[in-house]
Amino acid sequence: PADIAPIDTDVRPEGRGLPPGPGPAAEGAPLYAAKCAACHGATGREGPNDVLVGRDSRPGFPFAQDPALPHTIGNYWPYATTVFDYVRRAMPPTAPGSLTDDEVYALTAFLLRANEIITDDAVMDRTTLPKVAMPAQKYFTPDTRRQHPARPTPTPAPKPQP
């Protein structure tokens with residue numbers, strides 16, 4: 001447990017695992033410009049890497065019919081907490097895990113605001129972020145399977161008798 005604790009940083013959809021700290025969207029804008037825009041474009045719509053900002057105005061969930069549609073935060077991601085989790089663990093790609101929790105909250109707020117999901121004055125933290133209603137959430141089915149019970153340590157196979 002002591003070895004695992006420092007790397008046990010995943011965040012669940014309901015918010016379990018979110019650290020303390022706040023992040024307003026306004027503080028995320030300069031962070032985005034400095035650490036994200038080179039890969040995702042000045043507004044998150046240009047690339048060259050994944051497009052992060054944009055909403056598809058067609059009704060329903062058109063990705064099954066047109067896989068070329070960009071899977072943006074605003075039209076595809078089911079949970080706001082997943083944005084936080086991914087940014088904290090994997091971004092920026094040149095230094096993953098280098099952002100502080102407050103910076104990740106601010107970047108998450110900025111991206112949610114850019115996708116018109118939260119208001120300009122919203123502040124994301126461990127209480128507010130799990131309450132964000134993502135536009136595509138209704139198209140995902142929660143995994144309601146029970147947790148798999150822990151398997152006991154395997155017993156070594158008996159040595160063959162001569």
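Residues numbered from 1 in each chain as written. Predicted model: local features only at pLDDT ≥ 70, side-chain atom pairs only at ≥ 80, totals over all residues. Heavy atoms only, no water.

K.L.:
Explain the environment of T100 residue by residue, including any values.
P.N.:
Along the chain, T100 falls in the loop between helix 3 (80-90) and helix 4 (101-114). Measuring from C-alpha to C-alpha, the distance between T100 and A80 comes to 18 Å, with 20 residues separating the pair along the chain. (Helix = DSSP H or I, 4+ residues; strand = E, 2+ residues; numbered from the N terminus.)

K.L.:
Outline the pattern of salt bridges, listing residues and values.
P.N.:
For the coordinates displayed, the defined rule picks out four salt bridges. Residues R88 and D101 are paired through a salt bridge, measuring 3.5 Å at the closest nitrogen-oxygen approach. Placement of the pair is R88 in helix 3 and D101 in helix 4, with a sequence separation of 13 residues. By relative accessible area, which is 13% here, R88 ends up buried. With a closest N to O distance of 2.2 Å, R113 and D120 form a salt bridge. By relative accessible area, D120 is classed as exposed at 55%. (Salt bridge = Lys/Arg side-chain N within 4 Å of Asp/Glu carboxyl O. Buried < 20%, exposed > 50% of the residue type's maximum accessible area, 1.4 Å probe, protein only.)

K.L.:
Could you give an account of the nonpolar core, naming the residues involved and the relevant values?
P.N.:
Counting residues in each nonpolar core, the largest one holds 31 residues, and the members touching the most others are Y32, L112, I118, M124, L129 and V132. At the level of elements, helix 1 (25-35), helix 3 and helix 4 are the ones that each hand at least two residues to this core. For this core, the element with the highest residue contribution is helix 4, accounting for eight residues. The contact partners of M124, leaving out residues within four places of it in the chain, are G21, P22, G23, Y105, A109, L112, I118, L129 and V132. (Core = buried A, V, L, I, M, F, W, Y, C linked by side-chain atoms within 4.5 Å. Contact = heavy atoms within 4.5 Å.)

K.L.:
Which residues make up unusual backbone geometry, and what values do they have?
P.N.:
A cis amide bond, omega 25°, links G47 with the succeeding residue P48. Going from M91 to P92, the amide bond is cis rather than trans, its omega being -15°. Tracing the backbone shows P92 in the loop between helix 3 and helix 4. Within the chain, E116 stands out as a residue other than glycine whose phi angle is a positive 60°. Following the sequence through the fold, E116 ends up in the loop between helix 4 and strand 2 (123-124).

K.L.:
Residues and numbers for the packing of aromatic side chains, please.
P.N.:
Following the criterion strictly, the structure yields four aromatic pairs and no others. With 5.1 Å between their ring centres and 35° between their planes, Y32 and F110 make a pair best called tilted. Taken together, the residues Y32 in helix 1 and F110 in helix 4 connect sequence positions 78 residues apart. Relative accessible area serves as the criterion here: at 16%, F110 is assigned to the buried category. Consider the rings of W77 and Y86, whose centres lie 6.2 Å apart with planes at 75°: the pair is edge-to-face. What makes Y86 partly exposed here is its relative accessible area of 38%. (Phe/Tyr/Trp six-rings, centres within 6.5 Å; stacked < 30°, edge-to-face > 60°.)

K.L.:
Explain the side chain of T81 to me, and be specific about the residues and the numbers.
P.N.:
Along the chain, T81 turns up in helix 3. A distance of 3.2 Å separates a polar side-chain atom of T81 from the backbone oxygen of P13. Ignoring sequence-local partners within four residues, the contact set of T81 consists of V11, R12, P13, G15, L18, L129 and P130. (Polar contact = N/O pair within 3.5 Å; in protein donor to acceptor, adjacent residues only side chain to side chain.)

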